[in-house]
Amino acid sequence: MINRELVEIVEVDWRQGTIMLCARVLLSAIFLVSAFSRVMDWDGSVLFLISHGMGSFAAPMCLLSLGFELFCGMSLLLGFKTRIGAYAGVVFLLAVAVTGHIFQLYSSEAYALQLSMFMKDLAIMGGLMMVSCFGAGPLSVDDANERIETIASLQKVSEQEMRAASL
């Protein structure tokens, strides 16, 4: 009985795992590229936030944004604490969409660009919500940890059954 359960735990749906891994990599890319750009042009990032009314809060907000981007990006990429990373990404993008892409304030070309950026943020939030619901998938640190915990608990049950049978 336990051997059969172990086989089911160890089996991986490679097609599903590969698709979910690709989805996580693509979602993580936007956060990691943004974090890299922020680090490479820190002064420009701070000046951008100052020009959008952040004033003396610009540098701390840049640092906070960098933290969110790195945490969300690495969480998604590795599949480690993925649901938490996805939730954090939704919160971050919601704040960015509402405060940074206020398309109603612009006209013509700027309006179209800001609307596009706003919709992009909404689409990414949708992908992150899917990850938060379904998890990282079978090719992730989260899944490996879950499998290890399940195998350990099955081994403990097996040992208890063998002790009970020998009495």
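Just so you know, these numbers come straight off a predicted model, no measurement behind them. (Residues numbered from 1 in each chain as written. Predicted model: local features only at pLDDT ≥ 70, side-chain atom pairs only at ≥ 80, totals over all residues. Heavy atoms only, no water.)

Quick notes on the nonpolar core
Formally: For the purposes of this section, nonpolar cores are sets of buried Ala, Val, Leu, Ile, Met, Phe, Trp, Tyr and Cys residues that join through side-chain atoms within 4.5 Å. Accessible area is worked out with a 1.4 Å probe on protein chains only. A residue is then buried under 20% of its type maximum, exposed over 50%, and partly exposed in between. Strands here mean DSSP runs of E at least two residues long; helices mean DSSP runs of H or I at least four residues long; both are numbered from the N terminus. We call two residues in contact when some of their heavy atoms are within 4.5 Å.
Counting residues in hydrophobic clusters, the biggest one holds 16 residues, and the most contacted among them are L27, F31, L76, L93, I124 and L128. Going through the elements one at a time, α2 (14–40), α4 (58–78), α5 (82–100) and α6 (108–134) are the ones with two or more residues in this core. Of the residues forming this core, the biggest block, 6 residues, is contributed by α5. Once residues lying within four places of it in the same chain are set aside, the contact partners of L27 are L76, I124, G127, L128 and V131.

Let's talk about the packing of aromatic side chains
Aromatic ring pairs are reported here in terms of the distance separating the ring centres and the angle at which the planes meet. Rule in force here: We call Phe, Tyr and Trp rings a pair once their centres come within 6.5 Å, taking the six-membered ring for Trp, and we label the pair stacked below 30 degrees between planes, edge-to-face above 60, and tilted otherwise.
Counting across every chain of the model gives 2 aromatic pairs. Aromatic side chains F31 and F92 sit 6.5 Å apart centroid to centroid with 50° between the ring planes, which places their arrangement in the tilted category. With F31 in helix α2 and F92 in helix α5, this pair connects stretches of sequence that are 61 residues apart. Assessed through its relative accessible area of 3%, F31 is described here as buried. Classification of F92 as buried rests on a relative accessible area of 10%.

Some points on a nonpolar patch on the surface
Rules: The patches described consist of residues with a relative accessible area above 30% and no salt bridge, like charges being joined within 9 Å and nonpolar side chains (Val, Leu, Ile, Met, Phe, Trp, Tyr) within 5 Å. Accessible surface area values rest on a Shrake-Rupley calculation with a 1.4 Å probe, where residue burial reflects the displayed protein chains alone. Salt bridges are defined by distance alone: a side-chain nitrogen of Lys or Arg within 4 Å of a carboxyl oxygen of Asp or Glu.
Side chains of V25, M74, L77, L78, F80 and V141 sit close together on the surface and give an oily, nonpolar patch of about 440 Å² of accessible area. Among the elements that line the nonpolar patch, the one with the most residues is α4, at 3 residues. With respect to the helices, strands and loops of the structure, M74 is situated in helix α4.

Section: the environment of L78
Inspection of the secondary structure puts L78 in helix α4. For L78, a relative accessible area of 44% gives the class partly exposed. In sequence terms L78 and V157 are 79 residues apart; their C-alpha atoms lie 31 Å from each other. Here L78 is in contact with R24, S140 and V141, once residues within four sequence places are set aside.

Overview of the confidence of the model for the protein
Predicted coordinates in areas of low pLDDT are best not read in detail. The criterion, for reference: For every residue, the pLDDT score states the predictor's confidence, bounded by 0 at the bottom and 100 at the top.
Looking at the protein as a whole, the pLDDT averages 88, with 92% of positions reaching at least 70. For the protein, helix α1 (residues 2–10) is the element with the lowest average pLDDT, namely 59, and α4 is the one with the highest, namely 96.

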